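# Summary of structural features
Residue strings, one per chain:
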Amino acid sequence: MNRLKLVLVMIIWGSLGVFTKSIPLSALSLAFLRAFIALPVLFIVMKRKKADKVKWQLLVPYLISGVLLGFGWLTLFYGFKHTSISSAVIIYNMCPVYVMIAAPMLLKEAISRIQISVIVVSFLGLFLIVGQNLLEGYESMGLALSAVSGMLYATIVLINRSIKVRVDNQIATFVQIFTAMIVLLPFVLIDGTILSVMQLDAKAVTYTILLGIVHTGVAYTMFFSLYAHMKSVEIVSYSYLEPLFGIVFSVIFVGETLTFHQIIGGILILGSTYIGEMMKDRKISKEKETVQ
């Protein structure tokens with residue numbers, strides 16, 4: 001049952017690009033509305049769980065993560081709007097590679113030969129995808145911001161790894177998404193394009209509501225609830241279904257086509273990072289077993 005829930009979450013997140021393409025709002029408006037609509041759902045879940053109160057000092061890392069999350073959504077949505085969904089998804093999923101590069105410098109973690117190989121192979125795949133998209137006439141800014149989104153998420157991962165005293169997942173999620181909404185609010189007010197939400201048809205309004213409630217409120221709640229029942233290595237292994245579903249949905253619902261270079265690039269990036277993450281988690285598991 002837990003595995004089915006995790007697959008469902010990956011399907012929901014995999015459809016994010018299709019929903020973004022289908023809503024005629026700016027990336028900024030979508031990122032803000034995603035957080036704004038999700039907050040009531042997350043608040044209800046948090047209150048029902050009746051989590052213990054925490055000191056505000058413990059929330060500082062989550063506040064920083066929330067700022068990065070808001071801009072991460074913004075850059076990813078811009079990527080979806082200005083390049084192909086499949087390319088944006090694959091470039092965004094370079095995130096584990098950025099973590100591998102930064103962790104030895106910031107967290108003093110050792111880097112293995114396998115991880116070095118993953119980094120080299122992944123950047124080769126990235127080169128193939130970016131080169132193909134530029135040849136097809138897609139905006140370089142869309143590709144660049146998709147990469148920035150992956151870098152921002154990698155920074156969030158590094159911050160989460162450095163947290164020594166953790167708070168309840170529901171509180172952490174609410175704080176992060178509330179912060180994301182607050183940090184995007186001034187830009188939304190200055191931009192003024194959010195007023196165009198009044199001109200949306202019923203279909204676009206429905207998609208926008210689903211983006212906030214289902215893709216964010218419900219999906220995040222389901223995802224973090226699974227940590228109590230599944231090992232992290234298992235969750236990581238299933239997380240690679242998200243980009244695969246994203247690519248499939250882009251082909252089925254948007255009519256995108258995949259070139260040979262994109263397919264090879266995607267295999268190099270997703271395949272190498274998957275292998276790298278699995279081998280790393282197995283190594284950690286063996287070390288824990290040895291200690292025990």
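About the cut-offs
- Residues numbered from 1 in each chain as written.
- Predicted model: local features only at pLDDT ≥ 70, side-chain atom pairs only at ≥ 80, totals over all residues.
- Heavy atoms only, no water.
- Helix = DSSP H or I, 4+ residues; strand = E, 2+ residues; numbered from the N terminus.
- Rg over C-alpha atoms; globule rule 2.2 N^0.38 Å.
- Buried < 20%, exposed > 50% of the residue type's maximum accessible area, 1.4 Å probe, protein only.
- Contact = heavy atoms within 4.5 Å.
- Areas by Shrake-Rupley, 256 points an atom, 1.4 Å probe, with all protein chains shown as cover.
- Patch = residues over 30% accessible without salt bridge, like charges linked within 9 Å, V, L, I, M, F, W, Y side chains within 5 Å.
- Salt bridge = Lys/Arg side-chain N within 4 Å of Asp/Glu carboxyl O.
- Axes fitted to C-alpha atoms, helices over the stretch in contact; angles between N-to-C directions.
- Parallel < 35°, antiparallel > 145°, perpendicular 65-115°, else oblique.
- Left-handed = near helix turned anticlockwise from the far one by under 90°.
- Nonpolar A, V, L, I, M, F, W, Y, C, P; charged D, E, K, R; others polar.
- Core = buried A, V, L, I, M, F, W, Y, C linked by side-chain atoms within 4.5 Å.
- Expected span 1.5 Å × (residues − 1).
- Bend = angle between axes of the 7 residues up to and from the residue.
- Polar contact = N/O pair within 3.5 Å; in protein donor to acceptor, adjacent residues only side chain to side chain.
- Phe/Tyr/Trp six-rings, centres within 6.5 Å; stacked < 30°, edge-to-face > 60°.
- Lys NZ or Arg CZ within 6 Å of the ring centre and 35° of its normal.

Our next topic: the overall build of the chain. The secondary structure content of the chain amounts to 13 helices and 0 strands. Start at the N end of the chain and walk to the C end: the helices and strands fall as α-α-α-α-α-α-α-α-α-α-α-α-α. Against the globule reference of 19 Å for 292 residues, the chain gives a C-alpha radius of gyration of 19 Å, in line with a compact fold. Along the three orthogonal principal directions, the C-alpha set of the chain runs to about 60 × 50 × 35 Å. Looking at the 292 residues of the chain, the share that counts as buried comes to 47%. The contacts of the chain with a sequence gap of at least 6 include a subset with a gap of at least 24, amounting to 91%. If you sum the accessible surface of the chain, you get close to 15,000 Å²; carbon and sulfur atoms cover 69% of it.

Bringing a nonpolar patch on the surface into the picture now. Where nonpolar side chains cluster on the molecular surface, the patch consists of Val248, Val251, Ile252, Phe253, Val254, Leu258, Ile263 and Ile267 and spans about 700 Å² of accessible area. Breaking the nonpolar patch down by element, the ones donating at least two residues are helix H12 (241-254) and helix H13 (260-291). Sort the elements by how many residues they give to the nonpolar patch and H12 lands first, with 5 residues. By secondary structure assignment, the location of Ile267 is in helix H13. Residue classification places Ile267 among the exposed residues on the basis of a relative accessible area of 54%.

Another point: the packing of helix H6 (residues 95-106) against helix H7 (residues 113-135). When two helices pack together, their arrangement is given by the angle between their axes and by how far apart the axes lie. For the pair H6 and H7, the least separation of the axes is 10 Å and the interaxial angle reads 135°. Overall, the two elements H6 and H7 adopt an arrangement that is oblique. Between H6 and H7 lies a crossing of left-handed hand. Side by side, H6 and H7 meet where Val97, Tyr98, Met100 and Ile101 of the first sit next to Gln115, Val118, Ile119, Ser122 and Phe123 of the second. Tallied by class, residues from the contact of H6 with H7 come to 7 nonpolar, 2 polar and no charged.

Counting residues in hydrophobic clusters, the biggest one holds 59 residues, and the most contacted among them are Trp13, Trp73, Phe77, Phe80 and Ile177. Of all the secondary-structure elements, those providing two or more residues to this core are helix H1 (2-14), helix H2 (16-22), helix H3 (27-49), helix H4 (60-82), helix H5 (85-92), helix H8 (140-162), helix H9 (169-191) and helix H10 (202-225). No other element matches H3, which puts 12 residues into this core. Residue contacts for Phe77: discarding those within four places in its chain leaves Leu16, Thr20, Ala27, Leu30, Ala31, Arg34 and Leu211. Membership of the second largest hydrophobic core comes to 20 residues, among which are Val99, Leu126, Ile129 and Leu143.

End to end, H9 covers 33 Å across 23 residues, agreeing with the expected 33 Å (1.5 Å per residue, within 8%). Most pronounced at Leu185, the bend in H9 amounts to some 35°, and the proline Pro186 follows within four residues. The backbone nitrogen of Gln170 lies 2.9 Å from a side-chain oxygen of the residue at the head of H9, namely Asp168. Positioned one or two residues after H9, Gly192 has a phi angle of 75°, which is positive.

In this section: the packing of aromatic side chains. Taken as a whole, this structure holds 13 aromatic pairs when the rule is applied. Both rings, one in Phe32 and one in Phe36, keep their centres 5.9 Å apart while their planes meet at 15°; by these two values the pair is stacked. Taken together, the positions of Phe32 and Phe36, both in helix H3 and 4 residues apart, correspond to about one turn of that helix. Given the relative accessible area of 9%, Phe32 is considered buried. Between Phe223 and Phe224 the ring centres are 5.5 Å apart and the planes differ by 75°, which places this aromatic pair in the edge-to-face class. With relative accessibility at 21%, the residue Phe224 sits in the partly exposed group. Members of the aromatic cluster, each reached through a chain of ring pairs, are Trp13, Tyr220, Phe223 and Phe224. Above the face of the Trp73 ring, Arg34 is positioned so that its terminal group lies 4.2 Å from the ring centre.

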